[in-house]
Protein chains: 2
Amino acid sequence: MDNRTRATTFAGEPCDMSSWDAGNCPVRDVMNQIAGKWSTLILEALAERPYRFGELRRLVPDISQRMLTQTLRDLQRDGYIDRQVFPTKPPSVEYSMTELGHSLFAPLSKVLAWAGDNHAAVKAARARFDASELA
Amino acid sequence: MDNRTRATTFAGEPCDMSSWDAGNCPVRDVMNQIAGKWSTLILEALAERPYRFGELRRLVPDISQRMLTQTLRDLQRDGYIDRQVFPTKPPSVEYSMTELGHSLFAPLSKVLAWAGDNHAAVKAARARFDASELA
DNA sequence: GATTGTTGGTCTCAAAAAGAGACTAGCGCT
DNA sequence: AGCGCTAGTCTCTTTTTGAGACCAACAATC
């Protein structure tokens, strides 16, 4: 029963799908962070130049302070961005992209570009689907 | 006060960040779908060859049926995958990647490859961060 | 001929995540 | 004295996700 499942599913796949379990799958481990709702936006901004907390908040108007804080900390934790505190009178914090972050953003920016180029096609597909749904 | 915010934030940016609002931002509109927790996994599988519902479920062991159904419908809605029902005795359903899906997967696979290549670096950064946190 | 398994889902309920908005503290400006 | 700036945190509500039961028709098994 269990061996049949394996046999049916993984009968010599060319692609390595042998370890898609939560723990040992690199794709999931890495993607689950950068796939967040806000991560790509923040990365896109920081890829261009460093920004401060308040600047990012204004740049992405409808992110909550709470999620911005959390997204930034997650990105920092995974080594994509750096956090630097300047002891000015109201202390300011600057976020900047690390080398690792830039190396990730290289391929990621291609996906972002694809999104821009094919937005119309996606919207069209969506409209078609929704139309056929209300039949 | 409002104009000052704009002036401070968008003082002639080289990158086009003029419309990051929820509605008119292509990046957010497209990415919010493929950035889901499971979307990339399903796309990765379907990029290789078509799969049936149950096969996908077994392939990604810890996805719930509910989320698999929903993820597949979202991907279908955006035009990345096709859904074909075969009227066999217990009717079977096959999901396959469309042209649009493949064209998206081209750049996306580069990011996935990056994730595989740099998984160690990310885990290392994470460990460093966590260590400095419990100070 | 009754049980069991298979198909691809849906439904309900609990848990986790995200969003909205008030609140903090120290300093500058007026 | 009162307000606003900084970068956050805290709480509360709403949304999203996960776990698991249930469905109907048919096939093979016992």
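Anything mentioned here points back to the structure above.
Heads up: these notes are all about the structure in this document. The shown structure was predicted, so the numbers you read here are calculated from the model rather than taken from an experiment. (Residues numbered from 1 in each chain as written. Chains lettered and ligands numbered in written order. Predicted model: local features only at pLDDT ≥ 70, side-chain atom pairs only at ≥ 80, totals over all residues. Heavy atoms only, no water.)

**Let's talk about the overall build of chain A**
Argument step 1. Summing up its helical and strand segments, chain A has six helices and three strands in all.
Argument step 2. Within chain A, buried positions represent 43% of all 135 residues.
Argument step 3. In chain A, 43% of the contacts between residues at least 6 apart in sequence involve partners at least 24 apart.
Argument step 4. Summed over all atoms, the accessible surface of chain A reaches about 7,200 Å², with 51% contributed by carbon and sulfur. (Helix = DSSP H or I, 4+ residues; strand = E, 2+ residues; numbered from the N terminus. Buried < 20%, exposed > 50% of the residue type's maximum accessible area, 1.4 Å probe, protein only. Contact = heavy atoms within 4.5 Å. Areas by Shrake-Rupley, 256 points an atom, 1.4 Å probe, with all protein chains shown as cover.)

**A word on the protein's contact with DNA strand D**
Argument step 1. Around DNA strand D, 19 residues are found, and the nearest of them are A:Gln65, A:Arg83, A:Tyr95, B:Arg66 and B:Met67.
Argument step 2. Backbone sugar and phosphate groups make up 64% of those atoms of DNA strand D lying within 4 Å of the protein.
Argument step 3. Here a base nitrogen of DNA strand D and a side-chain polar atom of B:Arg66 are 3.3 Å apart.
Argument step 4. For the surface near DNA strand D, the secondary-structure elements that each account for two or more residues are α4 (53–59), α5 (65–77) and β3 (92–97) of chain A together with α5 (65–77) of chain B.
Argument step 5. By residue number, the principal contributor to the surface near DNA strand D is α5(A), which donates four residues.
Argument step 6. Here the surface near DNA strand D is composed, by residue class, of seven nonpolar, four polar and eight charged. (Near = heavy atom within 4 Å. Polar contact = N/O pair within 3.5 Å; in protein donor to acceptor, adjacent residues only side chain to side chain. Nonpolar A, V, L, I, M, F, W, Y, C, P; charged D, E, K, R; others polar.)

**Comments concerning the sheet that holds strand β1 (residues 51–52) of chain B**
Residue and element names in this part refer to chain B.
Argument step 1. Across the sheet, which stays open at both edges, the three strands sit in the order β1-β3-β2 with antiparallel pairing between neighbours. Each edge of the open sheet is held by one strand with a lone partner, namely β1 and β2 (81–86).
Argument step 2. Relative to strand β3 (residues 92–97), β1 runs antiparallel, the two being bridged by two bridges. Bridging from a neighbouring strand, Arg52 pairs with Glu94 of β3. (Pairing = 2+ DSSP bridges.)

**Some remarks on the protein's contact with DNA strand C**
Argument step 1. Surrounding DNA strand C, one finds 21 residues, the nearest of these being A:Lys37, A:Met67, B:Gln65, B:Arg83 and B:Tyr95.
Argument step 2. Restricting the count to atoms of DNA strand C within 4 Å of the protein gives a sugar and phosphate share of 64%.
Argument step 3. For DNA strand C, a sugar or linking oxygen lies 3.3 Å from a polar atom in the side chain of B:Arg52.
Argument step 4. Of all the elements in the fold, those that place two or more residues in the surface near DNA strand C are α5 of chain A together with α4 (53–59), α5 and β3 of chain B.
Argument step 5. Classifying every residue of the surface near DNA strand C by side-chain character gives eight nonpolar, six polar and seven charged.

**Comments concerning the packing of helix α3 (residues 39–48) of chain A against helix α6 (residues 99–133) of chain A**
All names here are of chain A.
Argument step 1. At a minimum axis separation of 11 Å, α3 and α6 run at an interaxial angle of 115 degrees. When the axis of α3 is compared with that of α6, the two are roughly perpendicular. By crossing handedness, the relation of α3 to α6 is classed as left-handed. On the side of α3, the interface is formed by Thr40, Leu43, Glu44 and Ala47, while α6 contributes His102, Leu104, Phe105, Leu108 and Leu112.
Argument step 2. In terms of residue class, the contact of α3 with α6 is made up of six nonpolar, two polar and one charged. (Axes fitted to C-alpha atoms, helices over the stretch in contact; angles between N-to-C directions. Parallel < 35°, antiparallel > 145°, perpendicular 65-115°, else oblique. Left-handed = near helix turned anticlockwise from the far one by under 90°.)

**Quick word on the sheet that holds strand β1 (residues 51–52) of chain A**
Residue and element names in this part refer to chain A.
Argument step 1. One open sheet accounts for three strands, arranged β1-β3-β2; its pairing is antiparallel. Across the chains shown, the open sheet's two edge strands, defined by having one partner strand only, are β1 and β2 (81–86).
Argument step 2. Judged from the six bridges that link them, β2 and β3 form a sheet pairing that is antiparallel. Considered in β3, the bridge of Val85 is made with Val93.

**Side note on the relation of the copies chain B and chain A**
Copy one and copy two of the chain differ by a rotation about a common axis and a shift along it.
Argument step 1. For the pair chain B and chain A, the superposition axis carries a translation of 0.0 Å, the fit reaches an RMSD of 0.0 Å, and the rotation angle comes to 180 degrees. Within this description, the copies of the chain are treated as partners about a two-fold rotation axis. The C-alpha atom lying nearest the rotation axis in chain B is that of B:Ala35; the distance is 2.2 Å.
Argument step 2. Here 98% of the interface residues in chain B have copies in chain A that are interface residues too; the copies meet face to matching face. (Least-squares fit on C-alpha atoms with pLDDT ≥ 70 in both.)

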